Protein chains: 2
Amino acid sequence: MALTLYSFWAATAPYRVRIGLALKGLDFDIVPVDLRAGDQHGEAYRARNPQGLAPALETDSGDLLTQSLAILEWLEETYPAPALLPPDALGRARVRAIAAIVACDIHPLNNLRVHQALQDLGVSREGVNTWSARWVSDGFDALEAMVLRHGRGFAYGDAPTLADCLLIPQVYAAARYDLDMNRWPALKAVADHAAGHPAFEAAHPRNQPGAPRP
Amino acid sequence: MALTLYSFWAATAPYRVRIGLALKGLDFDIVPVDLRAGDQHGEAYRARNPQGLAPALETDSGDLLTQSLAILEWLEETYPAPALLPPDALGRARVRAIAAIVACDIHPLNNLRVHQALQDLGVSREGVNTWSARWVSDGFDALEAMVLRHGRGFAYGDAPTLADCLLIPQVYAAARYDLDMNRWPALKAVADHAAGHPAFEAAHPRNQPGAPRP
């Protein structure tokens, strides 16, 4: 039995897990969940994942795991090589802090359900864009300082870690808000470097089922 | 040299780390950072923590750790007993998923800086409350299902875990939005149970420097 990822090509949270799976060299099946069409609210999906969010990962024992950070930590514990966390506790704390800035301080404020909620409150499309650009910019400022200090090619050190699994999808999403990545040269350098890595290429939205043909 | 926590009595993210430290039985000093007065934007604090958020933990080697989830994982790795994560990878994934629902799906949408940003967009105080209640309710619905399935006194099993470090502060914060916790009986039972535990009592906002006297 293989691993099965419930994934949507354009969403950044499943993208994180796709990178982790690809870096570990794991075989997995993808079941597309079209978040824009509302597939996640359907009975079939809710029966599997009551929160109705993607990603979810079905393990080879048939257990369904949710929440991208929890799934990535499970991958790291279950398939330790190649490691996505450094061996020392301080390094692991740095990598997890970079991941948490994306997962807790940037992304939750800029996803589809939040944009819809803002529009429900009467916020204009322009207001929603200003809102998104603000949180991404604040978060990128914090990440730039950390990557400048700890990165050497990738976000932490010279090999991909959990930090890159979170950072690269967020850089991809930032393009939606017309943000100039030249404001964050260290992050841009990591994104350019990762673009040449086969695992990041395999996980990219454009290479997923459901993505628009070029 | 002792551990030093940069903490604000009323904020839920430092509260999580206080619970973790107390559960581990660790001695630590507290430096209050008054988030409502803007202490986190001052030069002295920014020099230590460029993101200007609390909590931050200064380790006994003088390193400054940020992001509550990363700090709690560091505590678990550095002071393994008593454990805040179960021994099996599946159990750890469940506990981390509960923690992530609070840290990624609820709290980021309901903190001081987000409420201020909503007001800047012209959203009324009533609109802000509706917004907050919505995200807390959605998240609590997801948590209720998980705790009902996995909890036995605490959120996962019969001993406190990382899941309780995140859940209990979020239940505390929910009182601000006049939410009736009877809608989530499993979460309410865990919160009532935790209230009788000395580590949760020691970490409670009312017992912190800067808290209003009763």
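Along each chain, residue indices are assigned from 1 in the same order as the chain's sequence is written. Numbering of ligands from 1 and lettering of chains from A proceed in the order in which they are written. Only residues with pLDDT of 70 or above have their local features reported here, since the model is predicted, and side-chain atom pairs are shown and tallied only from 80 upward, although totals for entire chains, interfaces and linings are computed over all residues. By convention in this description, side-chain values take in all heavy atoms of the structure and omit both hydrogens and water.

As annotated in an unreviewed UniProt entry, chain A carries the name Maleylacetoacetate isomerase and comes from Phenylobacterium parvum.

Student: Could you clarify how one ought to interpret the overall build of chain A in this entry?
Tutor: Think of it this way: any DSSP run of H or I at least four residues long counts as a helix, any run of E at least two long counts as a strand, and we number them from the N terminus. A tally of helices and strands in chain A yields nine helices and four strands. The linear arrangement of helices and strands in chain A, starting from the amino end, is β-α-β-α-β-β-α-α-α-α-α-α-α. When we talk radius of gyration, it's over C-alpha atoms, and the globule rule is simply 2.2 Å times the number of residues to the 0.38. At 17 Å, chain A has a C-alpha radius of gyration in line with the 17 Å of a compact globule built from 214 residues. With respect to the three principal axes, the spread of C-alpha positions in chain A is 45 × 45 × 35 Å. Burial classes follow relative accessibility: with a 1.4 Å probe on protein chains only, a residue under 20% of its type's maximum area counts as buried, one over 50% as exposed, and anything between as partly exposed. Counting only residues that meet the buried cut, chain A has 59% of its 214 residues in that class. In chain A, the proportion of contacts linking residues at least 24 apart, taken out of those at least 6 apart, comes to 67%. Surface summary for chain A: the accessible area is close to 8,800 Å², and the carbon and sulfur share equals 52%. Across chain A, the centroid of the 19 positively charged side chains sits 3 Å from that of the 24 negatively charged ones. In what follows, a contact means two residues having at least one pair of non-hydrogen atoms within 4.5 Å. Surface exposure here means Shrake-Rupley accessible area, sampled with a 1.4 Å probe, where a residue is shielded only by the protein chains that are shown. We treat Lys and Arg as the positive residues and Asp and Glu as the negative residues; His and chain ends play no part in the count. Every charge is mapped onto a representative atom, which is NZ of Lys, CZ of Arg, CG of Asp or CD of Glu.

Student: How should the domain arrangement of chain A be read in this particular structure?
Tutor: How big an interface is tends to be reported as the loss of accessible area on association of its parts. Residues and elements named next belong to chain A. Split by domain assignment, chain A resolves into domain 1 (3–82 + 201–207) and domain 2 (89–197). The straight-line distance from the C-alpha centre of domain 1 to that of domain 2 is 20 Å. Residue-level contacts link 18 residues of domain 1 with 19 residues of domain 2. Two parts placed together each lose some accessible area; with a 1.4 Å probe, that loss summed over both constitutes the buried area. Interface of domain 1 and domain 2: buried area, both sides summed, is about 1,500 Å²; carbon and sulfur atoms make up 68% of it. Bear in mind that the domain bounds are from an automatic or database domain assignment.

Student: Explain the UniProt feature "domain: GST C-terminal" (unreviewed entry) in chain A to me, please; I cannot follow it from the model alone.
Tutor: UniProt positions are given in the numbering used here, feature names are shortened, and annotations may be inferred rather than shown by experiment. Feature annotation in UniProt places "domain: GST C-terminal" (unreviewed entry) on residues 88–213 of chain A, given in this structure's numbering. Along residues 88–213 of chain A the backbone is 66% helical and 0% strand, and the end-to-end C-alpha distance reaches 43 Å.

Student: How should helix H4 (residues 89–106) of chain B be read in this particular structure?
Tutor: Because the α-helix completes a turn every 3.6 residues, residues three or four places apart line up on one side. The terminal C-alpha atoms of H4 of chain B, which comprises 18 residues, lie 25 Å apart, in line with the 26 Å expected from a rise of 1.5 Å per residue. The quantity called bend is, for any residue, the angle between two axes fitted respectively to the seven residues ending at it and the seven beginning at it. Along H4 of chain B, the largest kink reaches about 30° and is centred on Ala100 of chain B. Helices are assigned an expected span. That span is 1.5 Å times one less than the residue count.

Student: What should I look at first to understand the interface of chain B and chain A in this one?
Tutor: At the junction of the two partners, chain B supplies 40 residues and chain A supplies 40 residues. Summing the contributions of chain B and of chain A, the shared interface buries around 3,600 Å²; its carbon and sulfur component is 63%. On the chain B side of the contact with chain A, Glu77, Arg113 and Leu121 of chain B bury the most area, a combined 15% of that side's loss. Here, a salt bridge means any Lys or Arg side-chain nitrogen found within 4 Å of an Asp or Glu carboxyl oxygen. Linking Glu73 of chain A and Arg96 of chain B is a salt bridge whose minimum nitrogen-to-oxygen distance equals 3.8 Å. Elements that contribute at least two residues to the side of chain B that touches chain A include exactly strand S4 (64–66), helix H3 (68–78), H4, helix H5 (112–120) and helix H6 (125–150) of chain B. The greatest single-element share of the side of chain B that touches chain A, amounting to 12 residues, is contributed by H4 of chain B.

Student: What should I look at first to understand the pattern of salt bridges in this one?
Tutor: Charged atoms that come close allow side chains of opposite charge to pair. Here the structure, examined in full by the defined rule, presents 19 salt bridges over all chains. One salt bridge connects Asp192 of chain A with Lys188 of chain A, and the closest N-O pair in it is separated by 3.2 Å. Here the residue Asp192 of chain A and the residue Lys188 of chain A both occupy positions in helix H8 (residues 185–195), the gap between them amounting to four residues, near one helical turn. Judged by its relative accessible area of 48%, Asp192 of chain A is partly exposed. The partner of Lys24 of chain B in a salt bridge is Glu76 of chain B, and the shortest N-O contact between them spans 2.6 Å. Of this pair, Lys24 of chain B sits in the loop between helix H1 (12–23) and strand S2 (28–32) while Glu76 of chain B is found in helix H3, placing the two residues 52 residues apart along the sequence. Relative accessible area serves as the criterion here: at 7%, Lys24 of chain B is assigned to the buried category. By relative accessible area, Glu76 of chain B is classed as buried at 12%.

Student: Explanation requested: the sheet that holds strand S3 (residues 56–58) of chain A in the structure shown.
Tutor: Sheets are built from strands paired through backbone hydrogen bonds, the pairs being either parallel or antiparallel. Residues and elements named next belong to chain A. Pairing in this open sheet of four strands is mixed, and the strands run S2-S1-S3-S4 from one edge to the other. Looking at the sheet topology across the chains shown, the edges are occupied by strand S2 (28–32) and strand S4 (64–66). For this sheet, the mean angle separating the axes of adjacent strands, direction not counted, is 25°. Here strand S1 (residues 3–7) pairs with S2 via five bridges, running parallel. Residue Leu5 lies in a different strand from S2, and its bridge partner there is Ile30. With respect to the sheet, helix H1 (residues 12–23) is in contact with S1, S2 and S3, its orientation differing from that of S1 by roughly 155°. Note: two strands are recorded as paired if DSSP finds a minimum of 2 bridges between them. Interaxial angles span 0 to 180 degrees and are taken between N-to-C directions of axes, which are lines fitted to C-alpha atoms, for helices over the stretch in contact.

Student: Before we go on, may I ask you to explain the environment of Leu118 of chain A in this structure?
Tutor: Relative to the helices and strands, Leu118 of chain A resides in helix H5 (residues 112–120). Separated by 10 residues in the primary sequence, Leu118 of chain A and Val128 of chain A have C-alpha atoms spaced 6.9 Å apart. Beyond its immediate stretch of four places on either side in the chain, Leu118 of chain A contacts Val123, Val128 and Trp131 of chain A together with Leu118, Leu121 and Trp131 of chain B.

Student: I would appreciate a short explanation of the packing of H6 of chain B against helix H7 (residues 162–174) of chain B in the present structure.
Tutor: The relative placement of two packed helices comes down to the angle between their axes together with the axis-to-axis distance. Residues and elements named next belong to chain B. Running from N to C, H6 and H7 point in directions that differ by 140°, and their axes come no closer than 12 Å. It follows that H6 is oblique to H7 by the angle criterion. For the pair H6 and H7, the sense of crossing is left-handed. Contacts between H6 and H7 pair Val136, Phe140 and Leu143 from the former with Leu167, Gln170, Val171 and Ala174 from the latter. Three classes are used, and their members are as follows: Ala, Val, Leu, Ile, Met, Phe, Trp, Tyr, Cys and Pro are nonpolar, Asp, Glu, Lys and Arg are charged, and the others, Gly among them, are polar. Residue composition of the contact of H6 with H7, grouped by class: six nonpolar, one polar and no charged. What sets the label is the angle itself: under 35 degrees gives roughly parallel, over 145 gives roughly antiparallel, 65 to 115 gives roughly perpendicular, and the rest give oblique. If you view the pair so one helix is near and one far, a crossing is left-handed when the near helix is turned anticlockwise from the far one by less than a right angle, and right-handed when it is turned clockwise.

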